[in-house]
Amino acid sequence: MNQDSQERHQAYWRANTKLIITLLLIWAFVSLGCGILLVPVLNNISLGNVPLGFWFAQQGSIYVFVILIFVYAHQMDKLDRKYNINRRD
Amino acid sequence: MSVEVWTTIFVLISFILYLYIGWSSRVRDSKGFYVAGQGVPSLANGAATAADWMSAASFISMAGLISFLGYDGSIYLMGWTGGYVLLALLLAPYLRKFGKYTVPDFVGDRYYSNIARLVAVVAAIFVSLTYVAGQMRGVGIVFSRFLQVNIETGVVIGMVIVGFFAVLGGMKGITWTQVAQYVVLIFAFLIPAIAISLLLTGNPIPQVSFPFGDIIPKLNQIQTDLGFQEYTQPFVNKSMLDVLFITIALMVGTAGLPHVIVRFYTVPDVRAARYSAGWALLFIALLYTTAPALASFARYNLITTLHDQPIQEVRQLDWANKWEQTGLLAFDDKNQDGRFQLTPDPETNEITIDRDIIVLSTPEVAKLAPWVIALVAAGGLAAALSTASGLLLVISSSVAHDVYYRMINPGASESLRVMVGRIMVGFAIAIAGYFGVNPPGFVAQVVAFAFGLAAASFFPVIILGVFDKRTNREGAIAGMIVGLAFTMFYILGVKFYNMEPWFFGVSAEGIGTLGMILNFIVTFGVSRVTPPPPESVQRLVEELRTPGDEPPAIEEVGEEYLD
């Protein structure tokens, strides 16, 4: 592995870990935060006919989970291209 | 036509379909047998993962659990879906890049140690065996309730079906039958849920009618009137800290379960692994966002149908009589007023409902057509069989691949390896069947084990194996042993020896979270004070971090890549 390619790889890895940390913070916020720790507060607000904290715990967080994974896959496609990480397709 | 006739037809058709798929995807080489030739498209792998993951417990028991626990049931909803985010971001892409066949493969190679490999093998077998016993039991229950055959016969029929496609087709056969089983189980779950949603709220989409319909406020009112806590009231049965710990343990445990992880070895490349985790969770979310709606609707419906109704009317309900015969529904007019009352006090309560009947009885309670009831039976079987087959392959590959090929006889020929794999699948099925017929009394209790142990053993060493180059053999072995030993000690103590849950009241189900944290600390700490891993292993980690920089191995080059 030459110098240039090594630097490119390290930059790619840094960008990847930064993206992972950002997405995991959102993941923890909606599930552990809105779904558990903040429930007593959020339940004072209603979504339709159900308390908001309850909704986050039973449906809302799951929607966010699905979105997070597709966002990650899509952003990684961009990083793969940007740092010219060869793919077999 | 009666429910029994419909059920027989549906079950037969679905079984013939599984057998046909199993026959047409039979394999001869070890790569096909263990990782489906690494040629499964990401969408198909998503569906297969969803079926693999959603067990008899998800299909039959979860909505029932939620309907009894109310808010506190959210631990299962978030816990069993949130793990996929961890899988997609932290594990799946790197394990796919690693490209071998099993989880112990990764642990053994990354930590250049057969001891680490062996610890991983033992954990994988234990976790999977615990899990599979429950699946075969689920098959037996569905057979006995809907087809009136006895549980033993049901288990044997299930064993034959799973055995056929798993022995012949290995991972490839399992994958494509799981895709079919996903389709069966999701229709079976959604159709009754949509019907009951339409019936109670006038809106057919459970994801919409749950927050915007009026059932939750009505249910809260009824619960309060009967003396229960409101349905949406948080932390009724469990403290906030316990809910937090259990949810994390289930999330991390999900991400560490070997039968889920190996599914990501079967896709063509790293990119497909990322997307297939997304598809998997999307397919799972279809059921998991429907379940809370079904749980509350079914509870509302059951209470209004049964509570304070005259005995003669209840006795005329065909489904109530049938469930009463199974012992899962019980009535007792204690105060002799000619009506049955549901109350929170066991002294005065006259209606006992087992949580397992919530999903299975919903179509009947909601007076849906007989074919819908039959479809639910076929769906329950699909859920149990798909999970069982995935688990059986993990058990088989742990012995045949990790122990026999990697440790005992590395010179084994291709055909010998596949043959040992097939024999081990057969062997694993026999054990699973035995546990299905003679369920050990502790099955329900040891399920906490599967997640706790997966969380406390695999998850930290895999993550650190990819994200921390300095983590070495000594750290990983010490971490896995400390994590496993602590979690086992706590669960065994609390479940069997009346130990006080001394860690701030955290229950056995949630202690895996602490085990995982201990594993992380020990692995990290021990690695820092012992020699760094060899140069070759550090290069391996570098390679794992980049999706496809070097040319694929020769046998992986299909025609589509040679342009």
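Criteria and thresholds
Residues numbered from 1 in each chain as written. Chains lettered and ligands numbered in written order. Predicted model: local features only at pLDDT ≥ 70, side-chain atom pairs only at ≥ 80, totals over all residues. Helix = DSSP H or I, 4+ residues; strand = E, 2+ residues; numbered from the N terminus. Rg over C-alpha atoms; globule rule 2.2 N^0.38 Å. Buried ≥ 20, exposed ≤ 12 C-beta atoms within 10 Å, placed from the backbone. Contact = placed C-beta atoms within 7 Å. UniProt positions renumbered as here; feature names shortened; annotations may be inferred. Expected span 1.5 Å × (residues − 1). Bend = angle between axes of the 7 residues up to and from the residue. Domains from an automatic or database assignment. Nonpolar A, V, L, I, M, F, W, Y, C, P; charged D, E, K, R; others polar. pLDDT = per-residue confidence, 0-100. Axes fitted to C-alpha atoms, helices over the stretch in contact; angles between N-to-C directions. Parallel < 35°, antiparallel > 145°, perpendicular 65-115°, else oblique. Core = buried A, V, L, I, M, F, W, Y, C linked by C-beta atoms within 7 Å. Left-handed = near helix turned anticlockwise from the far one by under 90°.

As annotated in an unreviewed UniProt entry, chain A carries the name Sodium symporter small subunit domain protein and comes from Lyngbya aestuarii BL J.

(A) Representation of the overall build of chain B within the structure. Counting its regular elements, chain B contains 23 helices and four strands. Relative to the compact-globule value of 24 Å for 563 residues, chain B shows a C-alpha radius of gyration of 24 Å, a close match. Counting only C-alpha atoms, chain B reaches 80 × 55 × 45 Å along its principal axes. Classification of the 563 residues of chain B by burial places 59% in the buried group.

(B) Here's a closer look at the overall build of chain A. Scanning chain A from N- to C-terminus turns up three helices and two strands. Scanning chain A from its N terminus toward the C terminus, one meets helices and strands in the order α-α-β-β-α. Its C-alpha atoms give chain A a radius of gyration of 18 Å, clearly above 12 Å, the size a compact globule of 89 residues would have. Projected onto its principal axes, the C-alpha coordinates of chain A cover approximately 60 × 25 × 15 Å. In chain A, which comprises 89 residues, the share counted as buried stands at 35%. Within chain A, counting contacts between residues at least 6 apart in sequence, those at least 24 apart form 52% of the total.

(C) Here's a closer look at the UniProt feature "transmembrane region" (unreviewed entry) in chain A. Following the UniProt record, the feature "transmembrane region" (unreviewed entry) maps to residues 20–42 and 54–73 of chain A here. The distance from the first to the last C-alpha atom of residues 54–73 of chain A is 29 Å, and the span holds 100% helix and 0% strand.

(D) Layout of helix H4 (residues 56–69) of chain B. All names here are of chain B. Under the 1.5 Å per step criterion, the end-to-end length of H4 is 19 Å for 14 residues, consistent within 8% with the ideal 20 Å. Methionine 62 marks where H4 bends most, by close to 40 degrees. With respect to burial, H4 is a largely interior element, 11 of its 14 residues being buried. Of the residues one or two after H4, glycine 70 is the one with positive phi, at around 60 degrees.

(E) A look at the interface of chain A and chain B. In this assembly, 42 residues from chain A lie in contact with 44 residues from chain B. Ranked by the residues each element gives to the side of chain A that touches chain B, the list is headed by helix H3 (residues 52–82) of chain A, at 18 residues.

(F) Local environment of the domain arrangement of chain B. All names here are of chain B. Segmentation of chain B into domains returns domain 1 (3–296 + 372–445) and domain 2 (299–365). Domain 1 and domain 2 are separated by 31 Å when their C-alpha centres are compared. Taken together, the contact pairs 26 residues of domain 1 with 17 residues of domain 2. Looking at the side of domain 1 that touches domain 2, the elements that each hand over two or more residues are H4, helix H8 (151–201), helix H10 (215–226), helix H14 (291–306) and helix H18 (370–408). Looking at which element gives the most residues to the side of domain 1 that touches domain 2, the answer is H4, with eight residues. Here the residues of the side of domain 1 that touches domain 2 are counted per class, giving 18 nonpolar, six polar and two charged.

(G) The arrangement of unusual backbone geometry in detail. Residues and elements named next belong to chain B. In this structure, tyrosine 112 is a non-glycine residue whose phi angle is positive, near 35 degrees. With respect to the helices and strands, the residue tyrosine 112 is situated in the loop between helix H6 (103–110) and helix H7 (114–146). Tyrosine 112 gets classed as partly exposed once you count the C-beta atoms within 10 Å, which come to 16. If you check the backbone angles, phenylalanine 235 has positive phi at about 55 degrees while not being a glycine. The topology assignment puts phenylalanine 235 in the loop between H10 and helix H11 (240–256).

(H) View of helix H17 (residues 357–365) of chain B. Residues and elements named next belong to chain B. Summarising burial for H17: nine of the nine residues are buried, a large majority. Within H17, burial applies to Ile357, Ile358, Val359, Leu360, Ser361, Thr362, Pro363, Glu364 and Val365. Backbone geometry just downstream of H17 places lysine 367 in the positive-phi region, at approximately 55 degrees.

(I) Looking closely at the environment of valine 466 of chain B. Locating valine 466 of chain B in the fold gives a position in helix H20 (residues 443–467). Sequence-distant contacts of valine 466 of chain B, that is, excluding residues within four places in its chain, are made with Tyr94, Val541 and Leu544 of chain B.

(J) Structural context of the confidence of the model for chain A. Residues with a pLDDT of 70 or more make up 93% of chain A, whose mean pLDDT is 90. Here strand S1 (residues 46–47) of chain A is the element of chain A with the lowest mean pLDDT, 90, and H3 of chain A is the one with the highest, 95.

(K) Highlighting the UniProt feature "domain: Sodium symporter small subunit" (unreviewed entry) in chain A. Mapped onto this numbering, the UniProt entry annotates "domain: Sodium symporter small subunit" (unreviewed entry) at residues 9–85 of chain A. Across residues 9–85 of chain A, helical content stands at 83% and strand content at 5%; the span's end C-alpha atoms are separated by 8 Å.

(L) Spatial organisation of the packing of helix H1 (residues 3–37) of chain A against helix H5 (residues 74–98) of chain B. Interaxial distance between H1 of chain A and H5 of chain B falls to 11 Å at its minimum, and their mutual angle equals 175 degrees. If you check the angle between H1 of chain A and H5 of chain B, you find them roughly antiparallel. On H5 of chain B, the residues that touch Ile20, Leu23, Leu24, Trp27, Ser31 and Gly35 of chain A of H1 of chain A are Ser74, Met78, Gly82, Val85, Leu89 and Leu90 of chain B. In terms of residue class, the contact of H1 of chain A with H5 of chain B is built from eight nonpolar, four polar and no charged.

(M) Geometry of the nonpolar core. Ile69 of chain A together with Leu185, Ile284, Leu294, Ala377, Ala378 and Leu392 of chain B are the most contacted members of the largest nonpolar core, which has 218 residues in total. Three or more residues apiece are contributed to this core by two domains, here domain 1 (3–296 + 372–445) and domain 2 (299–365) of chain B. Ignoring any residue separated from it by four or fewer positions in sequence, one finds leucine 185 of chain B in contact with Ala51, Met54, Phe59, Gly379, Ala382 and Ala383 of chain B.

(N) View of the packing of H5 of chain B against H11 of chain B. Residues and elements named next belong to chain B. At a closest axis distance of 7 Å, the pairing of H5 and H11 adopts a crossing angle of 45 degrees. For the element pair H5 / H11, the angle class is oblique. Helix-helix and strand crossings are classified by hand; for H5 and H11 the assignment is right-handed. Contact residues: Ile75, Met78, Gly79, Trp80, Gly82, Gly83, Leu86, Leu87 and Leu91 in H5; Val243, Ile246, Thr247, Leu250, Met251, Val252, Thr254 and Ala255 in H11. Looking at side-chain class alone, the contact of H5 with H11 contains 12 nonpolar, five polar and no charged residues.

(O) Structural context of the environment of leucine 87 of chain B. Residue and element names in this part refer to chain B. Within the element layout of this structure, leucine 87 appears in helix H5. A count of 28 C-beta atoms within 10 Å places leucine 87 in the buried class. Remark: the alpha-carbon pair of leucine 87 and glycine 154, spanning 67 residues in sequence, is separated by 35 Å. Beyond its immediate chain neighbours, meaning those up to four positions away, leucine 87 contacts Ala92, Ala255 and Ala277.

(P) Up close: the environment of threonine 387 of chain B. Residue and element names in this part refer to chain B. Here threonine 387 is to be found in helix H18. The exposure class assigned to threonine 387 is buried, which follows from the 27 C-beta atoms found within 10 Å. Separated by 126 residues in the primary sequence, threonine 387 and isoleucine 261 have C-alpha atoms spaced 13 Å apart. Not counting residues within four places of it along the chain, the set of residues in contact with threonine 387 comprises Asp52, Ser55 and Gln135.

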